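# Remarks on the overall topology
Listed below are the residues making up each chain.
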Amino acid sequence: MTKFFEPPISDSAIQFWDSTRERRLVLPWCAACEHPFWYPREVCPRCLGGPVEWREASGSGEVHAVSVQHRPGPMRDPAAGPYAVALVDLAEGVRIMTNIVGCEPDAATVGMAVRVTWEPLADGRHLAQFEPA
Ligand SMILES: [Zn+2]
């Protein structure tokens, strides 16, 4: 297991993180305008309404942009080597920042189809990452 910085849990992301304990990717949806959004917030950034509902995501997406990081990130083991940081467009229409794993970092390319995979964190949550589909 790679050691990762453990993200803090904001009030508006409690359900997201609870779902990761079961390796389920969920997204906040606005019940008023019927659109998903990312990142989790208390109100919809599109219509400033709500309520916010949590819906299961397909876990499929496409790489929008990718960069290979050669310096270790916070709490990353320098021996783990370079890693790919990417913006992934999920099938539901939201864009999330993540890592591409399951291939060499420089093999991750814009337009590549990816699917979610999970990296365990020490507290039982999981970090959503993406691998080639
Ligand atoms: Zn809305």
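Residues numbered from 1 in each chain as written. Predicted model: local features only at pLDDT ≥ 70, side-chain atom pairs only at ≥ 80, totals over all residues. Heavy atoms only, no water.

### Description of the pairing of strand β4 (residues 60–69)
The side chains of a regular strand alternate, first on one face of the sheet and then on the other. Here β4 runs beside strand β7 (residues 113–120); their pairing, made up of 3 bridges, is antiparallel. Looking across to β7, one finds that S60 is bridged to R115. Bridging between β4 and strand β5 (residues 83–90) involves 8 bridges; their strand directions are antiparallel. Each bridged residue has a counterpart across the sheet, and for A65 the counterpart in β5 is L87. (Pairing = 2+ DSSP bridges. Helix = DSSP H or I, 4+ residues; strand = E, 2+ residues; numbered from the N terminus.)

### A short note on the environment of R115
By the element assignment, R115 lies in strand β7. In this structure, R115 is in contact with G59, S60, Q129, F130, E131, P132 and A133, ignoring residues within four places of it in sequence. (Contact = heavy atoms within 4.5 Å.)

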